[in-house]
Amino acid sequence: LERKRNLNSLMIDCLTKPMIQLLQKIGEVADEVPVNAFAVGGFVRDLLLKKRNLDLDIVVEGNGIEFAKHLAGRLGGRYRTHERFSTAMVLMPDGFKIDIATARLEYYEYPAALPTVELSSIKLDLYRRDFTINAMAVQLNPQQFGTLIDFFNCQNDLKQKEIKVLHNLSFVEDPSRIFRAIRFEKRMSFTMAPHTARLIRNAVKMQLFGKAADTRFFSEIRLIFSEENPIPAIQRMADFNLFQFLWPDLKPHLKVDRRFLHILLQAQRAIDWYRLLYLKEECDNWIVYLLAIMGRSKAEVLEAFCKRFLVPQKITDNLVWQKMHADKVANLLARRNALRNSEIYWLLQDLDIEGLLYVMAIARKSTVKKAVSNYVTEMRQAATLISGRDLMALGYEPGPAFKIMLNDLLDARLDGIVTSKSEEITFIQENYPLNNLPENGRNA
Ligand code: CTP
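Conventions and cut-offs
- Residues numbered from 1 in each chain as written.
- Predicted model: local features only at pLDDT ≥ 70, side-chain atom pairs only at ≥ 80, totals over all residues.
- Heavy atoms only, no water.
- Helix = DSSP H or I, 4+ residues; strand = E, 2+ residues; numbered from the N terminus.
- Rg over C-alpha atoms; globule rule 2.2 N^0.38 Å.
- Buried < 20%, exposed > 50% of the residue type's maximum accessible area, 1.4 Å probe, protein only.
- Areas by Shrake-Rupley, 256 points an atom, 1.4 Å probe, with all protein chains shown as cover.
- Lys, Arg positive; Asp, Glu negative; His and termini not counted.
- Charge placed at Lys NZ, Arg CZ, Asp CG, Glu CD.
- Pairing = 2+ DSSP bridges.
- Contact = heavy atoms within 4.5 Å.
- Axes fitted to C-alpha atoms, helices over the stretch in contact; angles between N-to-C directions.
- Near = heavy atom within 4 Å.
- Polar contact = N/O pair within 3.5 Å; in protein donor to acceptor, adjacent residues only side chain to side chain.
- 1 Å grid on protein atoms, 1.4 Å probe; cavity = no way out; pocket = protein on both sides within 12 Å on 5 of 7 lines; lining within 4 Å.
- Sits in = over half its atoms within 2 Å of the grid points.
- Nonpolar A, V, L, I, M, F, W, Y, C, P; charged D, E, K, R; others polar.
- Disulfide = S-S within 2.5 Å.
- Salt bridge = Lys/Arg side-chain N within 4 Å of Asp/Glu carboxyl O.
- Points joined across faces, edges and corners; volume = space filled by probe spheres on them.
- Domains from an automatic or database assignment.

**Q** I'm lost on the overall build of the chain in this one. Help?
**A** Assigned secondary structure in the chain consists of 22 helices and ten strands. Taking 444 residues into account, the globule formula puts the C-alpha radius of gyration at 22 Å, and the chain, at 28 Å, lies well above it. With respect to the principal axes defined by its C-alpha atoms, the chain has extents near 95 × 55 × 40 Å. Looking at the chain as a whole, 48% of its 444 residues are labelled buried. For the chain, the exposed area adds up to about 22900 Å²; of that, 50% sits on carbon and sulfur atoms. Distance between charge centres in the chain, computed from 61 positive and 53 negative side chains, equals 5 Å.

**Q** Would you take a moment to explain the sheet that holds strand E4 (residues 78-82) for this structure?
**A** Read across the open sheet, the eight strands follow the order E1-E8-E7-E2-E3-E6-E5-E4; overall the sheet is mixed. Strands at the two margins of the open sheet, each flanked by one partner only, are strand E1 (5-6) and E4. Across five bridges, the pairing between strand E2 (residues 36-40) and strand E3 (residues 56-61) is antiparallel. Across the sheet, Val40 pairs through a bridge with Asp57, a residue of E3. On top of the sheet, helix H2 (residues 17-32) reaches E2, E3 and strand E6 (97-103); it is set at about 15° to E3, its chief contact.

**Q** Teacher, can you tell me more about the site of the ligand here?
**A** Near the ligand, the surroundings consist of 14 residues, among which Arg45, Asp130, Asp174, Arg183 and Arg187 are the closest. Within the backbone of Asn134, an N or O atom sits 3.2 Å from an oxygen atom of the ligand. One nitrogen or oxygen atom from the side chain of Arg187 is found 3.0 Å from an oxygen atom belonging to the ligand. Protein contacts shield 77% of the accessible area of the ligand, which totals 570 Å² for the unbound molecule. If you map the ligand onto the pockets, it falls in the largest pocket. Mapped onto the shell around the ligand, the elements with two or more residues apiece are helix H3 (42-48) and helix H8 (177-188). Counted by class, the shell around the ligand contains one nonpolar, three polar and ten charged residues.

**Q** What should I look at first to understand the state of the cysteines in this one?
**A** Note: disulfide means a covalent bond formed between the sulfur atoms of two cysteine side chains. Counted under the stated rule, the structure contains zero disulfides. Here Cys154 stays free of any disulfide, with the sulfur of Cys14 as its closest cysteine sulfur at 19 Å. Since its relative accessible area comes to 0%, Cys154 is described here as buried. Cysteine Cys306 is unpaired, with the sulfur of Cys283 as its nearest cysteine sulfur at 17 Å.

**Q** Is there a simple way to think about the side chain of Thr102 in this case?
**A** When you line up the elements, Thr102 lands in strand E6. The buried category is assigned to Thr102, whose relative accessible area is 8%. Polar contacts involving the side chain of Thr102 include one to the main-chain carbonyl oxygen of Ser86, which spans 2.7 Å.

**Q** Explain the pattern of salt bridges here, please?
**A** In a structure, side chains of opposite charge can pair up when their charged atoms sit close to one another. Overall, the coordinates contain 25 salt bridges when judged by the stated rule. Among the ionic pairs, Asp46 bridges to Arg45, the shortest N-O distance being 3.1 Å. Given a relative accessible area of 5%, Asp46 falls into the buried group. The partner of Lys421 in a salt bridge is Asp390, and the shortest N-O contact between them spans 3.8 Å. Of this pair, Lys421 sits in helix H22 (residues 421-431) while Asp390 is found in helix H20 (residues 388-393), placing the two residues 31 residues apart along the sequence.

**Q** Teacher, can you tell me more about the environment of Ala383 here?
**A** Mapped onto the elements, Ala383 comes out in the loop between helix H19 (366-377) and H20. Its relative accessible area of 45% is what places Ala383 among the partly exposed residues. The spacing of Ala383 and Phe85 is 298 residues in sequence and 53 Å in space, taken between C-alpha atoms.

**Q** I would appreciate a short explanation of the layout of surface pockets in the present structure.
**A** Summary: where empty space remains is shown by rolling a probe the size of a single water molecule over the atoms. Here the largest pocket defines a volume of roughly 1800 Å³. Contributing to the lining of the largest pocket are 48 residues, with Asp57, Thr87, Ala101, Arg129 and Arg180 lying nearest its centre. Within the residue set of the lining of the largest pocket, elements represented by two or more residues are H3, E3, E4, strand E5 (87-91), E6, H8 and helix H10 (215-225). Split by residue class, the lining of the largest pocket holds 16 nonpolar, ten polar and 22 charged. Composition of the lining of the largest pocket by domain shows at least three residues from each of domain 1 (1-159) and domain 2 (161-240).

Geometry only, nothing functional implied.
Below, the structure is given as structure tokens:
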């Protein structure tokens with residue numbers, strides 16, 4: 001019999017009051033239905049590590065969908081169900097999401113000889129998970145509230161900081177877990193248990209990635225590139241020979257060589273620089289890293305990667321466009337010296353921030369980096385002081401010419417030719433004399 005540990009005081013120390021109240025509520029609703037309800041997975045792992053985790057995954061022994069409907073009713077929230085998987089999502093009035101899954105015995109068929117009869121459904125649910133550190137549960141029903149469910153001595157692996165699969169077929173069933181193993185290992189500075197590392201090497205030998213038609217691969221790759229510092233994980237992917245599946249055209253660089261590492265570090269520098277300056281602005285770091293990795297490849301290679309990993313078309317189009325445009329601009333910037341600010345502005349203005357940071361990452365010349373950083377911090381926000389309204393007040397008739405005039409003025413502003421409102425007005429009057437305007441430029 002497992003010794004049962006209670007996490008009540010840990011929860012009080014580590015979770016917010018509203019979160020504890022929510023967990024209690026879930027437990028009460030579970031009793032009403034009645035089902036057994038558990039918080040599982042990353043939530044429990046991070047609670048034991050005293051780390052923040054904003055995802056809540058619930059597993060119920062019983063009908064998860066019925067439970068979700070009932071819970072949504074009691075919390076005044078909405079729900080969405082996936083009947084096929086017996087899962088549901090409850091959306092709270094404040095936007096918080098709770099994922100609910102059903103633990104039911106008949107769903108699991110194991111090729112491995114498992115004496116299923118002696119397993120409760122939560123036990124089997126946990127056994128099917130990726131790693132021991134993610135295979136614990138906390139019961140929420142009021143009588144057992146806070147009881148840690150740990151069938152496989154997972155606490156010990158967490159203490160030993162080890163990433164360990166629960167059974168030998170884990171990567172065969174879901175090869176995307178290879179990326180997860182690497183991500184968790186590097187994020188938390190854990191180590192892979194030798195047997196688990198061996199299973200990964202076997203899975204790679206068996207070419208489990210051969211058919212990549214599984215959206216989970218891309219999700220996991222994206223998650224790796226979104227980590228605080230993805231570089232150690234990228235190096236680890238190379239160690240495990242995963243590049244041959246991910247970026248086969250990088251063959252000469254299957255190992256993370258110096259040049260490759262240099263580009264990654266430059267991407268990281270650009271991202272860190274931007275984050276420091278614009279804390280609150282969104283930037284999809286994963287895009288910068290992905291573009292940087294493909295920095296020396298053709299756009300078609302990136303497109304093929306997206307196809308292989310079932311990246312949604314809209315995302316693919318954006319990635320490919322950013323790459324093509326950024327590569328072109330990076331080339332132009334490197335070839336031409338002494339560009340005017342206004343020229344730099346029009347070259348860069350169509351790129352997203354991810355594309356801009358990518359240009360910084362691949363640029364070899366410091367002048368190019370400087371141009372982009374200047375654009376991001378100064379020019380991007382540049383605007384003329386006068387507007388169409390002012391042009392009308394000066395006697396010009398609104399029309400397509402306004403755009404040309406104001407763009408011209410913006411150039412002058414970027415290049416330091418005008419610096420005040422009165423200079424802008426003079427600039428317009430000198431360059432577009434009212435008595436000398438093409439057709440519709442003049443105000444009757
Ligand atoms: N899981 C799994 N196999 C996968 C993906 C997920 O077994 N391929 C299980 C794990 O038990 C995991 C849980 O589903 O804990 C939730 O998955 P997810 O939200 O992706 O991960 P977290 O563990 O919450 O990690 P993160 O901190 O990255 O959100």
